[in-house]
Amino acid sequence: RARRGARSLCATAAPGATAQAFWGHGRLGALRSGTLYVRVHVFVPSQATFQGMNLFGVGEALPPYQDVFAALSGNQLQLSLTTAAQYPVSSVTLPRDQWSCVELAMTLGDTGGNATVSLDGVPVVSASNVDTLPAAGMGNALFGITFLAPATATGEVFLDEAVVST
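Residues numbered from 1 in each chain as written. Predicted model: local features only at pLDDT ≥ 70, side-chain atom pairs only at ≥ 80, totals over all residues. Heavy atoms only, no water.

(A) Seen up close, the sheet that holds strand 9 (residues 113-119). Spatial ordering of the open sheet is given by 1-13-3-8-9-10, a layout of 6 strands whose pairing is antiparallel. Where the open sheet ends on each side, the last strands, each with one partner, are strand 1 (9-13) and strand 10 (122-130). Each strand axis lies, on average, 25° off the axis of its neighbour in the sheet, ignoring direction. Pairing between strand 3 (residues 35-43) and strand 8 (residues 100-107): 8 bridges, direction antiparallel. Directly across from Val-40, in strand 8, lies its bridge partner Val-102. (Pairing = 2+ DSSP bridges. Helix = DSSP H or I, 4+ residues; strand = E, 2+ residues; numbered from the N terminus. Axes fitted to C-alpha atoms, helices over the stretch in contact; angles between N-to-C directions.)

(B) Representation of the pattern of salt bridges. On inspection of all chains with the given rule, the structure shows 1 salt bridge. When the shortest N-O distance is used, the salt bridge between Glu-161 and Arg-3 registers 3.0 Å. Of the two residues, Glu-161 sits in strand 13 (residues 155-165) while Arg-3 sits in the segment before strand 1, which places them 158 residues apart along the sequence. (Salt bridge = Lys/Arg side-chain N within 4 Å of Asp/Glu carboxyl O.)

(C) Molecular detail of the pairing of strand 6 (residues 76-81). Buried residues dominate strand 6, accounting for 5 of its 6 residues. Two elements, strand 5 (residues 67-73) and strand 6, share 6 bridges in a ladder whose sense is antiparallel. Looking across to strand 6, one finds that Leu-72 is bridged to Leu-77. Hairpin connection between strand 5 and strand 6: a loop of 2 residues separates the two successive antiparallel strands, and Gly-74 in this loop has a positive phi of roughly 65°. As judged from the 2 bridges shared by strand 6 and strand 7 (residues 89-93), these two strands associate in the antiparallel manner. (Buried < 20%, exposed > 50% of the residue type's maximum accessible area, 1.4 Å probe, protein only.)

Fair warning: the whole summary comes from geometry, so function is off the table for now.
Printed below as a string of structure tokens:
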């Protein structure tokens, strides 16, 4: 299954010690200022059963691995800010069994950062004046299932046309 072309990334995670399936790009350096944009086309099959799943985002390359991610809480899009211990959930549902464009935009800052998740170009959840800057800076961009809840769930997501930009 692919949005365009012949292939997409299929990330599948099931119960086990590590419910993760993702790929990443670790050449962001250690960004500490500026604006980051991340976009990917997402397809979540209706048969995937989970309560929460991280889809993609950026974070530090060293422990404690703090990050800013676009996620799902049930079927609702969520902004996961481990940097600020905030996890706002939108009222907007990510459609199942179809491709959707999900975007994450953030301005890095210790206390004055902000982040927004958009669905097909429309902002659906955001946070302002929050910590979006991990101690080690933003070093990795990750796409796929980096977190799946509960540990007994089965998660599957297809990702295509991923872009990271400053």
